[in-house]
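Next come the chains, spelled out residue by residue.
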Amino acid sequence: MAPLPIVLYNDPVLRAPAAAVESLTPELESFIADLFETMYEAHGVGLAAPQVGRSIRLFVMDADVMAEDEPDAPRFGKQVFINPKITAVGPAAVDFEEGCLSIPDLRESVRRPDQITVEYRDARFELRTDTFDGWVSRVIQHELDHLDGVLFVDRVGSFKRRLLQRKLDAIDQGQYVPDYPYVPRHG
Ligand code: NI
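Here is a short report on the structure shown in this document. In this text, all values refer to a predicted model and were calculated from it rather than measured experimentally. (Residues numbered from 1 in each chain as written. Predicted model: local features only at pLDDT ≥ 70, side-chain atom pairs only at ≥ 80, totals over all residues. Heavy atoms only, no water.)

## Thoughts on the overall build of the chain
The cut-off we apply is this: Runs of E in the DSSP output that reach at least two residues are strands. Runs of H or I that reach at least four are helices, and both are numbered from the N terminus. The globule rule used for comparison is 2.2 Å times the number of residues to the exponent 0.38, while the radius of gyration itself is calculated over C-alpha atoms. Whether two residues touch is decided by their heavy atoms; if any such pair falls within 4.5 Å, the residues are in contact. Under the convention used here, a 1.4 Å probe and the Shrake-Rupley method define accessible areas, while residue burial counts only the protein chains that appear. Counted as positive: Lys and Arg. Counted as negative: Asp and Glu, with His and the chain ends omitted from the count. The location of each charge is read from NZ of Lys, CZ of Arg, CG of Asp or CD of Glu.
Along its length, the chain carries three helices and seven strands. Helices (α) and strands (β) of the chain occur, in sequence order from the N terminus, as α-β-β-β-β-β-β-β-α-α. For 187 residues, the compact-globule estimate of 2.2 N^0.38 gives 16 Å, and the C-alpha radius of gyration of the chain, at 16 Å, lies within 12% of that figure. Its C-alpha atoms give the chain principal-axis dimensions of roughly 40 × 40 × 30 Å. Across the chain, contacts joining residues at least 24 apart in sequence account for 66% of those joining residues at least 6 apart. Per element, the accessible surface of the chain, about 9400 Å² overall, is 51% carbon and sulfur. Considering the chain, the positive charge centre built from 20 side chains and the negative charge centre built from 31 side chains are found 6 Å apart.

## What to know about the pattern of salt bridges
To be explicit about the condition: One side-chain nitrogen of Lys or Arg within 4 Å of one carboxyl oxygen of Asp or Glu is enough to make a salt bridge. For every residue, the accessible area obtained with a 1.4 Å probe (protein chains only) is divided by the maximum for its type, and the residue is called buried under 20%, exposed over 50%, and partly exposed between those limits.
Per the counting criterion, the structure on display carries 15 salt bridges. Between lysine 160 and glutamate 108 there is a salt bridge, with the nearest N and O atoms lying 3.3 Å from each other. Here the residue lysine 160 occupies a position in helix H3 (residues 158-172), and glutamate 108 occupies one in strand E5 (residues 103-113), the gap between them amounting to 52 residues. For lysine 160, a relative accessible area of 35% corresponds to the partly exposed category. Judged by its relative accessible area of 16%, glutamate 108 falls in the buried class. When the shortest N-O distance is used, the salt bridge between arginine 128 and aspartate 122 registers 4.0 Å. You can call aspartate 122 buried: its relative accessible area is 10%.

## Remarks on the packing of aromatic side chains
Note the cut-off: Note on aromatic contacts: the rings of Phe and Tyr and the six-membered ring of Trp form a pair at centre separations within 6.5 Å, being stacked when their planes are under 30 degrees apart, edge-to-face when over 60 apart, and tilted otherwise. By the criterion adopted, a ring carries a charge over it if an Arg CZ or a Lys NZ lies within 6 Å of its centre and within 35 degrees of its normal.
Under the counting rule described, the total for this entry stands at five aromatic pairs. Taking NZ or CZ as reference, arginine 121 lies 4.8 Å from the ring centre of phenylalanine 125, over its face. Taking the ring centre of tyrosine 176 as reference, the NZ or CZ of lysine 167 above it sits at 4.4 Å.

Have a look at this one:
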């Protein structure tokens, strides 16, 4: 296992709709292990395959650290989502600050449904349908967006987005360097 370099803002792979996963091969299992290692090394709570340059519909998540101050919050541990699809959303929408390992040093509040139901294949490629709330729902929606070429900065209002653009351009120009392995832009 080895941590993989993470691609940064404006890399075209982050904008491409990712391809469905056909089957779970030993090579893919090894890739999933690498994705987890990459995520932990970068202190992330979720990481999507396109973020390491592989345009397939798969992401990993371990959001338990976000529940540290909430003893009653559910803990899911390491989770793999393959070919995930949101099949229902709850009525409530909430604002919460998000960040992204592909957009270092930038956080912004994003409004999303508080509850989602997701159909997906798990780490054993078994089909599951589960409903998630709160933190975990938020991470899943953020990571699922990556599989459709959508970034959280696309979901902030146009005024805020204009304020963020200078920072985004600076990331694209290599002026922000994360403290985890990454793919240099225009390198
Ligand atoms: Ni992200």
